[in-house]
Amino acid sequence: MEISTSILSVKEEESAHTFYRLELAHTDYYHIDVMDGEFVENNTTERMKMYSDHLKNITNIPLDIHLMVKDVKKYVDIFSPNEPRCITFHLEVVKNKEEVMELINYIKQFSKVGISIKPGTKVEDVYEYLPFIHTVLVMTVEPGKGGQALIPGTIEKIKQLKKYITENNLDTEIEADGGINLDNIKELSQAGVDIAVVGTSLIKAKDYKYTINKLKELSD
Ligand code: DX5
Ligand code: ZN
């Protein structure tokens, strides 16, 4: 299991030190939660742009960009210069298949591409795109803020998605995002998750190295 640490809850004044501690603890990715204040209520664009620019300058650990935005292309253009590993947009913001395919091809110019689905969105809705994308980001909380509890029903969705991917010989990664911690990571791993986004439960931990190692130990 790879760990993508959400830095949403990191305070600006502590950010340099926190990012450094996360690098020493070998987070696999930094998960950048971009919120435009339209698709979700919060607006984090300025702070996440500042954090991404800073991380680009101080580390080689890849950025995992999660766009919770309506105007996807606008934010792809803002964040692609930081050469992220993957840029993920929400299926719920596009109206039809043509638009989804256009965004997939647009993002592919810069990075891997992911599609994210909210807890209320059926996994079947993403099946037709699986051959064209690298990652499905399954939200295990309602997008918009950190520190929420994982919604148990979303684990069934992950199992269903994993079954479809396996049965169709696809190699699409499954990333889960929201409310993940030491108590539920094993169940998520068994359900088929390849990358776990961990925010609050890691950022508030005293020892990042111990916590990331424990998360990996419990999920391998
Ligand atoms: C929520 C974000 C998540 C969140 C994860 O909208 O997409 O990445 O920050 O943080 P925790 O682990 O605190 O739920
Ligand atoms: Zn996220």
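For the structure, see preceding data.
Residues numbered from 1 in each chain as written. Chains lettered and ligands numbered in written order. Predicted model: local features only at pLDDT ≥ 70, side-chain atom pairs only at ≥ 80, totals over all residues. Heavy atoms only, no water.

**Let's talk about the overall build of the protein chain**
Then, in step 1: The number of helices and strands found in the protein chain is 9 helices and 8 strands.
Then, in step 2: Against the 2.2 N^0.38 benchmark of 17 Å for 220 residues, the protein chain shows a C-alpha radius of gyration of 16 Å, consistent with a compact globule.
Then, in step 3: Dimensions along the principal axes, computed over C-alpha positions, put the protein chain at roughly 45 × 35 × 30 Å.
Then, in step 4: Split into buried and exposed, the 220 residues of the protein chain put 54% on the buried side.
Then, in step 5: Residue pairs at least 24 apart in sequence account for 69% of intrachain contacts in the protein chain once pairs closer than 6 positions are excluded.
Then, in step 6: For the protein chain, the computed accessible surface area is about 10000 Å², with 49% contributed by carbon and sulfur atoms.
Then, in step 7: The distance from the centre of the 26 positive side-chain charges to the centre of the 36 negative ones in the protein chain is 2 Å. (Helix = DSSP H or I, 4+ residues; strand = E, 2+ residues; numbered from the N terminus. Rg over C-alpha atoms; globule rule 2.2 N^0.38 Å. Buried < 20%, exposed > 50% of the residue type's maximum accessible area, 1.4 Å probe, protein only. Contact = heavy atoms within 4.5 Å. Areas by Shrake-Rupley, 256 points an atom, 1.4 Å probe, with all protein chains shown as cover. Lys, Arg positive; Asp, Glu negative; His and termini not counted. Charge placed at Lys NZ, Arg CZ, Asp CG, Glu CD.)

**Focus: the site of ligand 1**
Then, in step 1: Close to ligand 1 lie 20 residues, the nearest being G144, G147, D177, G199 and T200.
Then, in step 2: At a separation of 2.8 Å, an oxygen atom of ligand 1 approaches a polar backbone atom of G147.
Then, in step 3: One of the backbone nitrogen or oxygen atoms of G199 is found 2.8 Å away from an oxygen atom of ligand 1.
Then, in step 4: In isolation ligand 1 offers 380 Å² of accessible surface; the protein chains occlude 98% of this area.
Then, in step 5: A per-element tally of the shell around ligand 1 places strand 2 (residues 29-35) first, with 3 residues. (Near = heavy atom within 4 Å. Polar contact = N/O pair within 3.5 Å; in protein donor to acceptor, adjacent residues only side chain to side chain.)

**Some thoughts on the coordination of the zinc ion (ligand 2)**
Then, in step 1: Donor atoms from the polypeptide that coordinate the zinc ion (ligand 2) comprise H31 (NE2), D33 (OD), H66 (ND1) and D177 (OD), at 2.1 to 2.3 Å from the metal.
Then, in step 2: Geometry at the zinc ion (ligand 2) is octahedral, judged from its 6 donor atoms and the angles of 73 to 175° they form at the metal.
Then, in step 3: On the basis of relative accessible area, H66 is assigned to the buried category, the value being 0%. (Donors = N, O, S within 2.8 Å, 3.2 Å for Na, K, Ca; no water. Tetrahedral: all angles 85-135°; square planar, octahedral: opposite > 155°, others 65-115°.)

**Remarks on the packing of aromatic side chains**
Then, in step 1: Under the criterion given, the structure shown has 4 aromatic pairs.
Then, in step 2: Pairing F19 with Y30 gives two aromatic rings, centres 6.0 Å apart and planes at 65°, and the pair type is edge-to-face. With F19 in helix 1 (residues 15-24) and Y30 in strand 2, the pair connects residues that are 11 residues apart, well separated along the chain.
Then, in step 3: Taking the relative accessible area as the measure of exposure, Y30 reaches 0% and is therefore buried. (Phe/Tyr/Trp six-rings, centres within 6.5 Å; stacked < 30°, edge-to-face > 60°.)

**Thoughts on the pairing of strand 8 (residues 195-198)**
Then, in step 1: The two faces of strand 8 match: I195 and V197 on one face and A196 and V198 on the other face are all buried.
Then, in step 2: Examined bridge by bridge, strand 7 (residues 173-177) and strand 8 share 3 bridges and lie parallel to one another. By the bridge assignment, E175 is partnered in strand 8 with I195. (Pairing = 2+ DSSP bridges.)

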